[in-house]
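Now for the letters of each chain:
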Amino acid sequence: MYKKQPPELNFTSGRRFVPSSTSGMMRLNSKHYNKALAFTIKERQLLGIHGLLPPLVRTVEEQVRIYYTQLLTLKEDLAKYLFLLNLSEYNEVLFYKLLEAYTEKCLPYVYTPTVGLACQRYSYIHEFPRGLYITFKDKGHVCNVLQNWPQSDVRVIVVTDGGRILGLGDLGANGMGIPVGKITLYTAFGKVRPHQCLPICLDVGCNTDSVREEPYYMGLKRKRPPIDEYDEFIDEFMQAVVKRFGQNCLIQFEDFANNDAFRFLEKYRHQYCMFNDDIQGTAAVGLAGIISALKCIGTDLKSQRILFQGAGEAAIGLARLLIIAFRKAGVKQDEAVKCIFLRDSQGLVVTERSLDTLNGNKLIFAKEMPPIFKLEDCIREIKPTILVGASAQPGSFTKEALRLMTSYNAVPIIFALSNPTAKSECTAFEAYTHSKGKCLFASGSPFPPLEFEGRTHYTSQANNAYIFPGVGLGVTACCIRHIPPEIFLIAARTLADLCTPEDLLQGRLYPPLNKLSCCAFEIAISVVTYAHIKNLSTVLPRPTNVRAFLKHQIYDAKYEPVVPPWLNPNVNQKEKVRNNCIDCIDCQ
């Protein structure tokens, strides 16, 4: 007699096909279902693939150790990038398990700084259809191109036009490496299911002659179109995304040219569920580092003077978020603006300069001061407590500049945020050496721990991976349609609060990289809670337990059994439920 089975409680696998509809060969050839030597002998026999694999059965943990050992044998960074990229196309679960187990070792090769090198050579290394290319020639038919993407349940899109890849300039279609890398981090740390993520490159041409004229360049060999035609194309793209995937699909803008990035953010942020990671994500991770540094010193934000080396997307994004933070701390906006100084390629941003050199984003921060060109002279005049580099000008934090910061502050706060490593304003060694070990330092690229005068300094990497996966998970989980700037302030505060006293004692301004998943989850909880309070969430009914609600949204990188446990008569009934349940409310 048929015995009624308890309901399956596993909401986290992200399975997209009915298991019985996938044959053995389909599983072996699919990155989503391939387990390689982790298929048991019984599973191989049931699937008709017995004999197609060596007789040994390995656990996923053994597979992770073997692939990590292979990774270590490779000498070149680009070779490691390609090794991990190939693994992600061969065995998706194993790839994410490897990132989970060895986050600090693998992250530099999945994303920054190696992704910059990969983008410079992307026309040579492109092998798999990892994302969608929409070209300017598709204007008028963008929605048709989006229809070609095989997945319909897309929740997160990362899009670039390659206009300003890291600090490397306009790389055109080669910029696809950036969205591919960001999407990987969305799943690895934000636990957004892989099939719900889509990297897109909008190929509108390239204005860098050396890139465009390279014989094997894979993009359109034309310069970028006039601004009116370009804007029409982006408008069509945004409308097509909503038509194909819905209003709740999150669109993350990535590595657009400065003017385009600000223009699109202002144009679309009230119409679509979108944000710009270079402006807002970098701002949030930078502010989190500042909050942590002020905790180390034992002071507050109100008494700080911040000088930016650079006045592009990252600098102005952080400056804007600082104004919101100042206001939340009880400082009026006019007073907050007086505490923030920008220096660009023309020197300090002051009102006496020609309006041709001051766009609207810089003008609000222009000071009524005499023009000052050199960074060192700016430091002497302003006496900043915090020096932030976001200029992609390597070596701009000179020995003199760092020593001046130390002379005016007992504990100077130095952030060199530019990527990749070759574009960093200074190295960790230079920062600690020239400040005599007194500074609190964070960088955009990773630097190893440094011994100085008998003390080990742990360099903090201000990596956007601390912010955008959690924001994306929270936004998509509660279906926010428009993202207010306060969400990034909440994300920054949440991230800073995750630094333990032990982290701060070691000089870490961020949690260790192996806690990225934890950081993303806690940020997502803060985002969902805020969305409910402000009536931004469109998910009804509202969950009574946000933590349990989010746990049932996330992707769990694990091998699925060929026969689901609840269909297996040989498995103990209690074991069935336990295997299928992830911290549900009844089990807590």
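Residues numbered from 1 in each chain as written. Predicted model: local features only at pLDDT ≥ 70, side-chain atom pairs only at ≥ 80, totals over all residues. Heavy atoms only, no water.

Q: Residue-level account of the nonpolar core, with values.
A: Within the largest apolar cluster, 157 residues are counted, with the highest numbers of intra-cluster contacts made by Ile 134, Tyr 186, Ile 200, Phe 237, Phe 308, Leu 322 and Tyr 510. Those residues in contact with Tyr 186 that lie beyond four places of it in its chain are Val 156, Val 158, Lys 191, Val 192, Cys 197, Leu 250, Gln 252, Phe 275, Phe 468, Pro 469 and Gly 472. Listed in part, the 26 residues of the second largest apolar core include Ala 401, Leu 402, Leu 404 and Ala 428. (Core = buried A, V, L, I, M, F, W, Y, C linked by side-chain atoms within 4.5 Å. Buried < 20%, exposed > 50% of the residue type's maximum accessible area, 1.4 Å probe, protein only. Contact = heavy atoms within 4.5 Å.)

Q: Hey, could you go over the sheet that holds strand 14 (residues 460-461) for me, with residue numbers and the actual values?
A: Taken in spatial order, the seven strands of this open sheet run 8-7-6-9-10-11-14, and their pairing is mixed. Strands at the two margins of the open sheet, each flanked by one partner only, are strand 8 (347-348) and strand 14. Here strand 11 (residues 440-443) pairs with strand 14 via two bridges, running parallel. If you follow Ala 442 over to strand 14, its bridge partner there is Ser 460. Sheet strands touched by helix 14 (residues 277-297): strand 9 (386-389), strand 10 (413-416) and strand 11. Its angle to strand 10, the strand with the most contacts, is close to 160 degrees. (Pairing = 2+ DSSP bridges. Helix = DSSP H or I, 4+ residues; strand = E, 2+ residues; numbered from the N terminus. Axes fitted to C-alpha atoms, helices over the stretch in contact; angles between N-to-C directions.)

Q: Before we move on, can you summarise the pattern of salt bridges with the specific residues and values?
A: Inspection of the entire model under this criterion finds 28 salt bridges. The partner of Arg 164 in a salt bridge is Asp 278, and the shortest N-O contact between them spans 3.6 Å. On the criterion of sequence distance, the pair formed by Arg 164 in the loop between strand 2 (156-160) and helix 10 (177-188) and Asp 278 in helix 14 is long-range, its members being 114 residues apart. With relative accessibility at 8%, the residue Asp 278 sits in the buried group. (Salt bridge = Lys/Arg side-chain N within 4 Å of Asp/Glu carboxyl O.)

Q: Break down the packing of aromatic side chains for me, citing the residues and quoting the values.
A: Scanning all chains against the criterion turns up 18 aromatic pairs. Ring geometry for Phe 136 against Phe 233: centres 5.6 Å apart, planes inclined by 65 degrees, an arrangement best described as edge-to-face. Taken together, the residues span a long stretch of sequence, with Phe 136 in the loop between strand 1 (132-135) and helix 9 (142-147) and Phe 233 in helix 12 (residues 227-245) at a distance of 97 residues. The two residues Phe 136 and Phe 233 agree in class, both being buried. Aromatic pair Phe 275 and Phe 488: ring centres 5.4 Å apart, planes at 55 degrees, arrangement tilted. Of this pair, Phe 275 sits in strand 5 (residues 274-276) while Phe 488 sits in helix 22 (residues 486-497), placing them 213 residues apart in sequence. When its relative accessible area of 2% is taken as the criterion, Phe 488 is described as buried. Taken together through their ring pairs, the aromatic side chains of Tyr 230, Phe 253, Phe 256, Phe 264, Tyr 268 and Tyr 272 make up a single cluster. The cationic tip of Arg 343 hangs over the ring face of Phe 373; the distance from NZ or CZ to the ring centre is 5.2 Å. (Phe/Tyr/Trp six-rings, centres within 6.5 Å; stacked < 30°, edge-to-face > 60°. Lys NZ or Arg CZ within 6 Å of the ring centre and 35° of its normal.)

Q: Tell me about the pairing of strand 9, and please be specific about residues and values.
A: Here strand 9 shows a buried face lined by Ile 386 and Val 388 and a second buried face lined by Leu 387 and Gly 389. By the bridge criterion, four bridges tie strand 6 (residues 306-309) to strand 9 in an arrangement that is parallel. In the sheet register, Leu 307 faces strand 9, and the bridge partner there is Leu 387. Sheet analysis places strand 9 next to strand 10, joined by four bridges and oriented parallel. Bridging across to strand 10, Val 388 finds its partner in Phe 415. In this fold, strand 9 hands off to helix 19 (residues 399-408), which returns the chain to strand 10; that crossover is right-handed. (Right-handed = clockwise from strand over helix to strand, strands pointing away.)

Q: Lay out the sheet that holds strand 5 with the relevant residues and their values.
A: What the five strands build is an open sheet, ordered 1-3-2-4-5; its pairing is parallel. Edge positions in the sheet fall to strand 1 and strand 5, since each of these pairs with one other strand and no more. Across this sheet, the average inter-strand angle for adjacent strands is 25 degrees, counted without regard to direction. One ladder, built from three bridges, connects strand 4 (residues 250-253) with strand 5; its direction is parallel.

Q: Requested: an account of the UniProt feature "domain: Malic enzyme N-terminal" (unreviewed entry) in the chain, with residues and values cited.
A: In the numbering used here, UniProt assigns the "domain: Malic enzyme N-terminal" (unreviewed entry) feature to residues 88-269. As a span, residues 88-269 carries 46% helix and 11% strand, and end to end its C-alpha atoms are 33 Å apart. (UniProt positions renumbered as here; feature names shortened; annotations may be inferred.)

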